[in-house]
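Examining the three-dimensional arrangement
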Amino acid sequence: MYKVDLNSDLGESFGAYTIGLDEAVIAHISSANVACGYHAGDPLVMDKTVAAAKAAGVDITAGYRSVELMKQYVARTMNEHCIGGLGGFGGLFELDCTGISRPVLISGTDGVGTKLRIAMLMDKHDTVGIDCVAMCVNDVICAGAKPLVFLDYIACGKNVPEKIADLVKGVAEGCVQAGAALVGGETAEMPGFYPEDEYDLAGFTVGVVDKSKILDNNTMVPGDVIIALPSSGVHSNGFSLVRKIFDLENHPEVLKTTPAELGGKTLGEALLAPTKIYVKPVLAVLEQVAVRGISHITGGGFYENIPRSLKKGCCARIKKEDVRTPGLFALMQKEGNIPERDMFNTFNMGVGMILTVPADQADKALEILHANGEPEAYRLGVIAEGEGVELC
């Protein structure tokens, strides 16, 4: 159910999943095979290739093992629109346009960022994949689109099959939460480029929306209501500052402490909490409410992300006392001596996404959100005349 193409990239794949080798390793393997008189078609070339790859720092058999371990997780995301089995060069997905008169595809890509250092310090790798999916799918739903497919990219210094499988397990869980099929990915073992115990994780999604239903803020008017969907924590932005605040590189043991502000959780547990995926509750609202704007609150916090969904001439008026901010943010502000405005300009402050809706539909929107996995969604503020964000 997987293939190794010895004549091209020496990559292992299933579906569109590949375990690839970098150019330097390929050159090392190729020269070793030629020196030994072996060619791709020879019966013993695989044994020689595995040995040469291992000498270059790459364990091909570990790649095979990774694929076998991750298959069960990928299978959870498959649906009736996925075409073909394992072993292809690309992931196939049949587009169902039922009820869509003019389908528009929308794509998004992102990574987890330096939150991965927290996972590495804690040696816990099965949730950051959720973050990877969330950062992509939460973006595309801001246009009103439904995510269809997802692909991931993992680069590492050494392929430890169990660790790679844990990463993909998280990605698969994120895809299940988003209703997207995990149709492919790449795992690149890059010795000499990454330290053996380090990795990077990024992803890509494609969604679809009827052209007539792409969100348009031209109908936004003063008096519209801003609804907050709470975050699970810091999500996946601002971790360079987080790591500096707690000096994690020099004092990783602080991750095991339980500050009073965290209600019994360790600092590590609070920081590693996966980014919430808002796809299903937001799509449910879009079916019944005339949503006028959506913002995913990521890096840049309130001040940079909320204006992205505002109509020119409109501002978001929010009372600071109405923002339900978890204790983790107060802890970070205190420990880092960070000005309040910088906190709102860096972190989500407990609000992962906002929806702007007509005032007479706000109660209905909240009812739908409460019934679809967002029981703590609440009224955050209102639209007023002006520009940007007005925190008062």
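Relevant structure appears above.
Our subject in this report is the structure included herewith.

About the criteria used
Within each chain, residue numbers correspond to sequence positions counted from 1 in written order. Confidence filtering applies because this is a predicted model: local features only for residues at pLDDT of at least 70, side-chain atom pairs given and counted only at 80 or more, and all residues used for totals across whole chains, interfaces and linings. Note that water and hydrogens are dropped before the side-chain values are worked out from all heavy atoms of the structure. Grouping buried Ala, Val, Leu, Ile, Met, Phe, Trp, Tyr and Cys residues that are joined through side-chain atoms within 4.5 Å yields what is termed a nonpolar core. Between buried and exposed lies partly exposed: a residue is buried under 20% and exposed over 50% of the maximum accessible area for its type, with that area taken using a 1.4 Å probe on protein chains only. Per the convention used, a helix needs a DSSP run of H or I reaching at least four residues, while a strand needs a run of E reaching at least two, with both numbered from the N terminus. Should any heavy atoms of two residues lie within 4.5 Å, those residues are considered in contact. Two strands pair under a simple rule: DSSP has to find at least two bridges between them. Between the N-to-C directions of two axes lies an angle of 0 to 180 degrees, each axis being a line fitted to C-alpha atoms and, for a helix, fitted only over the stretch in contact. Pairing of aromatic side chains here covers Phe, Tyr and the six-membered ring of Trp, requires ring centres within 6.5 Å, and sorts the geometry by plane angle: under 30 degrees stacked, over 60 edge-to-face, intermediate tilted. Here, a charge over a ring means that NZ of Lys or CZ of Arg falls within 6 Å of the ring centre while also lying within 35 degrees of the ring normal. The definition of a right-handed crossover adopted here requires that, viewed with the strands pointing away, the path from the first strand over the helix to the second runs clockwise. Taking the helix axis as origin, the arc is that swept by the directions to the C-beta atoms. One speaks of a salt bridge when a side-chain nitrogen belonging to Lys or Arg is within 4 Å of a carboxyl oxygen belonging to Asp or Glu. Two helices that cross are described as forming a left-handed crossing if the nearer one is turned anticlockwise from the farther one by less than a right angle, and a right-handed crossing if clockwise. Residues are grouped as follows: nonpolar covers Ala, Val, Leu, Ile, Met, Phe, Trp, Tyr, Cys and Pro; charged covers Asp, Glu, Lys and Arg; every other residue, Gly included, is treated as polar.

Here the focus is the nonpolar core. Counting residues in hydrophobic clusters, the biggest one holds 92 residues, and the most contacted among them are L271, F302 and L380. No other element matches the 8 residues that helix α6 (residues 161-178) contributes to this core. In this structure L271 touches K115, I118, V234, F239, V242, L248, L255 and L328, once residues within four positions along its chain are discounted.

Okay, the sheet that holds strand β11 (residues 293-296) next. Strand order in the open sheet made by the 6 strands is β11-β13-β10-β14-β12-β15, with mixed pairing throughout. Because the sheet does not close on itself, it has two edges, and the strands there are β11 and β15 (388-391). Put simply, the sheet's adjacent strands are angled 25 degrees from each other on average, direction ignored. Here strand β10 (residues 225-230) pairs with strand β14 (residues 378-385) via 4 bridges, running antiparallel. Bridge pairing in β14 places A228 opposite Y378. Set on the sheet, helix α9 (residues 279-288) makes contact with β10, β11 and β13 (351-357); between it and β13 the angle comes to about 0 degrees. Here helix α13 (residues 362-371) sits on the sheet in contact with β10, β13 and β14, set at roughly 15 degrees to β10.

Once that is clear, we can look at the packing of aromatic side chains. Applying the stated criterion across every chain yields a total of 3 aromatic pairs. Taking the centre distance of 5.2 Å and the plane angle of 80 degrees together, the rings of F302 and F344 count as edge-to-face. Of the two residues, F302 is situated in helix α10 (residues 301-305) and F344 in helix α12 (residues 340-344); the sequence distance between them amounts to 42 residues. F344 matches F302 in its accessibility class, with the two residues each being buried. Over the face of the ring belonging to Y378 we find R324, whose NZ or CZ atom lies 3.9 Å from the ring centre. The lysine or arginine in question, R341, covers the ring of Y303, its NZ or CZ lying 3.8 Å from the ring centre.

A large share of strand β8 (residues 181-189) lies buried, amounting to 8 of its 9 residues. Judged from the 8 bridges that link them, strand β7 (residues 146-156) and β8 form a sheet pairing that is parallel. By the bridge assignment, I154 is partnered in β8 with T187. Crossover handedness for the path β7 to α6 to β8: right-handed.

Okay, helix α11 (residues 327-336) next. Note on helix geometry: an α-helix contains 3.6 residues per turn, so any two residues three or four positions apart are oriented the same way. Within the span of α11, buried status applies to L328, F329, L331 and M332. Along the long axis of α11, the arc covered by the buried residues comes to 155 degrees, so they all point the same way. Where α11 is buried, its residues touch α7 (239-245), α8 (267-272) and α12.

With that settled, the discussion passes to the pattern of salt bridges. With the rule as written, the count across this model stands at 13 salt bridges. A salt bridge links R117 to E198, with the shortest nitrogen-to-oxygen separation between them at 3.6 Å. Placement of the pair is R117 in helix α4 (residues 115-122) and E198 in the loop between β8 and β9 (199-210), with a sequence separation of 81 residues. When its relative accessible area of 26% is taken as the criterion, E198 is described as partly exposed. Salt-bridge contacts for D126 lead to K124; the nearest nitrogen and oxygen are separated by 2.9 Å. Residue classification places K124 among the partly exposed residues on the basis of a relative accessible area of 35%. Connected via shared salt-bridge partners are R117, E198, R243 and E249.

With that settled, the discussion passes to unusual backbone geometry. Despite not being glycine, H235 shows a phi value in the positive range, around 65 degrees. For H235, the location among the structural elements is in the loop between β10 and α7. Despite not being glycine, D247 shows a phi value in the positive range, around 50 degrees. With respect to the helices and strands, the residue D247 is situated in the loop between α7 and α8.

Let us now look at the packing of α9 against α13. Two numbers describe how α9 lies on α13: the axes approach to 9 Å, and their chain directions differ by 145 degrees. Considering how the two elements wind past one another, α9 and α13 form a crossing that is right-handed. Of α13, the residues touching α9 (which contributes P281, A284, V285 and Q288) are K364, A365, I368 and L369. Taken together, the residues that form the contact of α9 with α13 break down as 6 nonpolar, 1 polar and 1 charged.

Further remarks concern the side chain of D131. Note on placement: D131 falls in helix α5 (residues 128-140). A relative accessible area of 0% places D131 in the buried class.

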